[in-house]
Amino acid sequence: MADKVVLAYSGGLDTSVAVRWLKEKYKVDVITLTIDVGNEKDFSAVRQKALKVGAIKALVIDAKELFVNYFVFPALMADAIYEGQYPLATALSRPLMAKLLADTAVTEGAAAVAHGCTGKGNDQVRFEVGVNALSPKLKIIAPAREWGMTREETIKYAQRYDIPVPITVKSPYSIDENLWGKSIECGVLEDPWVEPPEEVFTWTKSPAETPDQPAYVEIDFEKGIPVTLDGKKMDGVSLIRRLNELAGEHGVGRIDHLENRLVGIKSREIYEAPAATVLLQAHQALEAITLAKDQVRFKQKVAIEYADLIYNGLWFTALHHDLAAYVQSSQRYVTGTVRLKLFKGACRVVGRKSPVSLYSFGLATYDKGDVFDQSASPGFIHIWGLPVKVQAQTQLIGETEGPLSIMAPKKPKES
Ligand code: ARG
């Protein structure tokens, strides 16, 4: 009996060719594993195709809930956004896929797993570091990294073995989709000077085509997790789905990111992430009203670390465990409602409230009802400015260069 390999299978050209190639090259039986993380697809057609191109078994796992609860929401609570732009949709799905590949290898008695990534991207790293962390004994095969075929050659190979070449192969773009967003690269997008053609966007309308009336959405969060949309209780998967439609309709969530890959390459990726854009903004708006200043400041640093570790394939690490504990703790009072306005490609927070809000009207108001004791301010200013005054008078006043040279005292007029 031949050895078995579990291949992460999308149904696209590369992974379909990989089924055949693995059989030829490694003389193995291939079991395909297709993971549903909310990429709208006809999964029964994907299964059929896997069997047609030679898999001995084709599995599909609905992992949408796992994805949202174990990956997306923790990242949302952390406000994880890579390089200030990318909500990490693709990156978040890879450790989950690594886990399901490793589990399936056990249940199917396979000694190896395989994925369709090339040797130039981040995803190979995320898959393999993940699998190695979970099941270090599993062998990992990366056909598209090994076979050294160009796109043309891959198509020829497919034709030779009667592997259907999808029409989408004519599209020059490489696309990855899940509930948290769509990633698009290659083709003309590889020239960072070229504006992304309208055809790359399928989740978001062009602002020129969006409704002339804004839409308002209200989102309730409980301890950092979105639980209702416009007053309606919803599970995470449905809420994200609905928000993708709503915000996409108003052109919200287009991102053009010139990013730094882990493997040292600068690359340009276009993202569509309507729900992620709205939720991340709403969540931060709620934190602004429920967290103290220093909590927000510290959390912003944590957010950068958190985003980096997701991007860099370090999900299954103790650093992650530790940071997640901090984030979880920080969310105890992140409960309340945020109202946002979606209009012509923009998403703006226009209202927020919380039963545990730290915003005090009495302290903030300039009108009637002011409870702030203004007579305390002179003393505060005296102490706050004390070291400033001492240093200014002893050192800075003599500065002759730079922006502070303007401090030189004006000479009295000679008469
Ligand atoms: N650049 C993104 C990342 O590394 C997405 C990678 C996959 N992109 C794609 N178009 N297939 O997470």
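Structure shown above.
Structure report, in brief. The structure presented is a predicted model; accordingly, all values stated were derived computationally and were not measured.

This part is about the overall build of the protein. A count of helices and strands for the protein gives 13 helices and 14 strands. Its C-alpha atoms give the protein principal-axis dimensions of roughly 100 × 55 × 45 Å. When each of the 415 residues of the protein is scored for burial, the buried share is 46%. Counted over contacts in the protein with a minimum sequence separation of 6, partners at least 24 positions apart contribute 72%. Of the side-chain charges in the protein, 49 are positive and 51 negative, and the distance between the mean point of each set is 1 Å.

This part takes up unusual backbone geometry. Of note, the phi angle at aspartate 79 is positive, near 60°, even though the residue is not glycine. Position of aspartate 79 among the secondary structure elements: in the loop between helix 3 (64-77) and helix 4 (89-108). Here leucine 88, not a glycine, exhibits a phi torsion of approximately 75°, which is positive. Relative to the assigned elements, leucine 88 resides in the loop between helix 3 and helix 4.

Around the ligand, 16 residues are found, and the nearest of them are Tyr86, Asn122, Ser174, Glu259 and Glu269. With respect to the ligand, the side chain of asparagine 122 contributes an N or O atom lying 2.7 Å from an oxygen atom. Arginine 126 is positioned with one of its side-chain polar atoms (N or O) 2.8 Å from an oxygen atom of the ligand. Of all elements in the fold, only helix 4, helix 5 (123-134), strand 6 (174-178), strand 7 (181-185) and strand 12 (266-272) reach the threshold of two or more residues within the shell around the ligand. Taken together, the residues that form the shell around the ligand break down as 6 nonpolar, 4 polar and 6 charged.

On to the sheet that holds strand 13 (residues 336-343), then. An order of 10-9-8-13-14 is seen for the 5 strands of this open sheet, with the pairing classed as antiparallel. Unpaired on one side and paired on the other, strand 10 (232-233) and strand 14 (346-353) mark the two borders of the sheet. For strand 8 (residues 215-222) and strand 13, the ladder comprises 7 bridges, and the chain directions are antiparallel. Each residue of the ladder has a partner; that of alanine 215, found in strand 13, is leucine 342. Taken strand by strand, helix 8 (residues 236-249) contacts strand 8, strand 9 (225-229) and strand 13, and its axis lies near 65° from that of strand 9.

Each pair of packed helices can be described by the angle between their axes along with the distance between the axes. Put simply, helix 3 and helix 4 touch, their axes get as near as 10 Å, and they point 130° apart. Of the possible angle classes, the one that applies to helix 3 and helix 4 is oblique. Here the hand of the crossing between helix 3 and helix 4 comes out right-handed. Facing helix 3, whose interface residues are Leu66, Phe67, Phe71, Val72 and Ala75, helix 4 presents Ala89, Leu92, Ser93, Pro95 and Leu96.

Calculation criteria
- Residues numbered from 1 in each chain as written.
- Predicted model: local features only at pLDDT ≥ 70, side-chain atom pairs only at ≥ 80, totals over all residues.
- Heavy atoms only, no water.
- Helix = DSSP H or I, 4+ residues; strand = E, 2+ residues; numbered from the N terminus.
- Buried < 20%, exposed > 50% of the residue type's maximum accessible area, 1.4 Å probe, protein only.
- Contact = heavy atoms within 4.5 Å.
- Lys, Arg positive; Asp, Glu negative; His and termini not counted.
- Charge placed at Lys NZ, Arg CZ, Asp CG, Glu CD.
- Near = heavy atom within 4 Å.
- Polar contact = N/O pair within 3.5 Å; in protein donor to acceptor, adjacent residues only side chain to side chain.
- Nonpolar A, V, L, I, M, F, W, Y, C, P; charged D, E, K, R; others polar.
- Pairing = 2+ DSSP bridges.
- Axes fitted to C-alpha atoms, helices over the stretch in contact; angles between N-to-C directions.
- Parallel < 35°, antiparallel > 145°, perpendicular 65-115°, else oblique.
- Left-handed = near helix turned anticlockwise from the far one by under 90°.

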